[in-house]
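The chain contents come next:
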Amino acid sequence: MDIKKIIVWIAVVALVSGAGYYGYKYYLAQKALVPAGAQAGETKTPPDQVQGQEITVGTGEEAKSGTIVTVEYVGKLTDGTVFDSSDIQKKPLVFTLGSEGIIPGFQVGVNGMKVGGERLLAVPPSLAYGAEQVGTIPPNSTLIFNVKLLKVEQAPAPATAPAPVKK
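Residues numbered from 1 in each chain as written. Predicted model: local features only at pLDDT ≥ 70, side-chain atom pairs only at ≥ 80, totals over all residues. Heavy atoms only, no water.

**Concerning the overall build of the protein**
Counting its regular elements, the protein contains 3 helices and 6 strands. Listed N to C, the secondary structure of the protein is α-β-β-β-α-β-α-β-β in terms of helices and strands. In the protein, which comprises 167 residues, the share counted as buried stands at 24%. For the protein, the exposed area adds up to about 11800 Å²; of that, 60% sits on carbon and sulfur atoms. (Helix = DSSP H or I, 4+ residues; strand = E, 2+ residues; numbered from the N terminus. Buried < 20%, exposed > 50% of the residue type's maximum accessible area, 1.4 Å probe, protein only. Areas by Shrake-Rupley, 256 points an atom, 1.4 Å probe, with all protein chains shown as cover.)

So this is what it looks like as structure tokens:
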């Protein structure tokens, strides 16, 4: 055998080996995408949940259910269209964490943040507006929020009735 044939055979063996390696790697990656308990070809919808990514971890007081939080935010659709922001409203958003009036996914995303923190949230439709069209937000939209936590305050204690006066 001459040297050219040897080089060609080495190249063929390397290509076949590489193809086999990457094919097997692809197979393993596809297998990992099948949820536990499902067969290949079946799909199971995972439970809807808010996805969050810390941009800046805050060091101040933590936002917990029942606290009054002040946030700056930008809300976008997945195509990048801005549908709302605290700049558009010309003021930060102030609300009691856990109260009605704010979409559940936004509240889930803010919960646990610390003052000074910034978080990127992806809120699925089931924790936002679902199948409703709300303003410029189309039905079944995943919403993306960039949230900065500015302030956390304790909610005032509920007023208690005065003690009865003895006669």
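**Overview of the pattern of salt bridges**
According to the stated counting rule, one finds 2 salt bridges in the structure shown. The residue Glu-54 makes a salt bridge to Arg-119 at a minimum N-O spacing of 2.5 Å. With a gap of 65 residues between them, Glu-54 in strand β1 (residues 51–56) and Arg-119 in strand β5 (residues 118–123) connect regions that are remote in the sequence. Assessed through its relative accessible area of 38%, Glu-54 is described here as partly exposed. The class for Arg-119 is buried, based on a relative accessible area of 13%. Salt-bridge contacts for Lys-151 lead to Glu-153; the nearest nitrogen and oxygen are separated by 3.8 Å. Residue Lys-151 is classed as partly exposed on the basis of its relative accessible area, which comes to 42%. (Salt bridge = Lys/Arg side-chain N within 4 Å of Asp/Glu carboxyl O.)

**As for the side chain of Ser-85**
Along the chain, Ser-85 falls in strand β3 (residues 82–85). Here the side chain of Ser-85 touches Ile-88 through a polar contact of 3.0 Å, landing on its backbone nitrogen. Not counting chain neighbours up to four residues away, the residues in contact with Ser-85 comprise Tyr-73 and Val-74. (Polar contact = N/O pair within 3.5 Å; in protein donor to acceptor, adjacent residues only side chain to side chain. Contact = heavy atoms within 4.5 Å.)

**Examining the packing of aromatic side chains**
On inspection of all chains with the given rule, the structure shows 4 aromatic pairs. Consider the rings of Tyr-73 and Phe-106, whose centres lie 6.0 Å apart with planes at 80 degrees: the pair is edge-to-face. In this pair, Tyr-73 sits in strand β2 (residues 68–77) while Phe-106 sits in helix α3 (residues 104–110), placing the two residues 33 residues apart along the sequence. Tyr-73 sits in the buried class, given a relative accessible area of 10%. On the basis of an interplanar angle of 55 degrees and a centroid distance of 6.0 Å, the ring pair of Phe-95 and Phe-106 is categorised as tilted. With a gap of 11 residues between them, Phe-95 in strand β4 (residues 93–96) and Phe-106 in helix α3 connect regions that are remote in the sequence. Through a chain of ring-to-ring contacts, three or more aromatic side chains come together here, namely Tyr-73, Phe-83, Phe-95, Phe-106 and Phe-145. (Phe/Tyr/Trp six-rings, centres within 6.5 Å; stacked < 30°, edge-to-face > 60°.)

**Brief notes about the side chain of Asp-84**
Within the secondary structure layout, Asp-84 lies in strand β3. A distance of 2.9 Å separates the side chain of Asp-84 from the side chain of Tyr-73, its partner in a polar contact. Ignoring anything within four residues of it in the chain, the contact list for Asp-84 reads Tyr-73, Val-74, Gly-75 and Gln-89.

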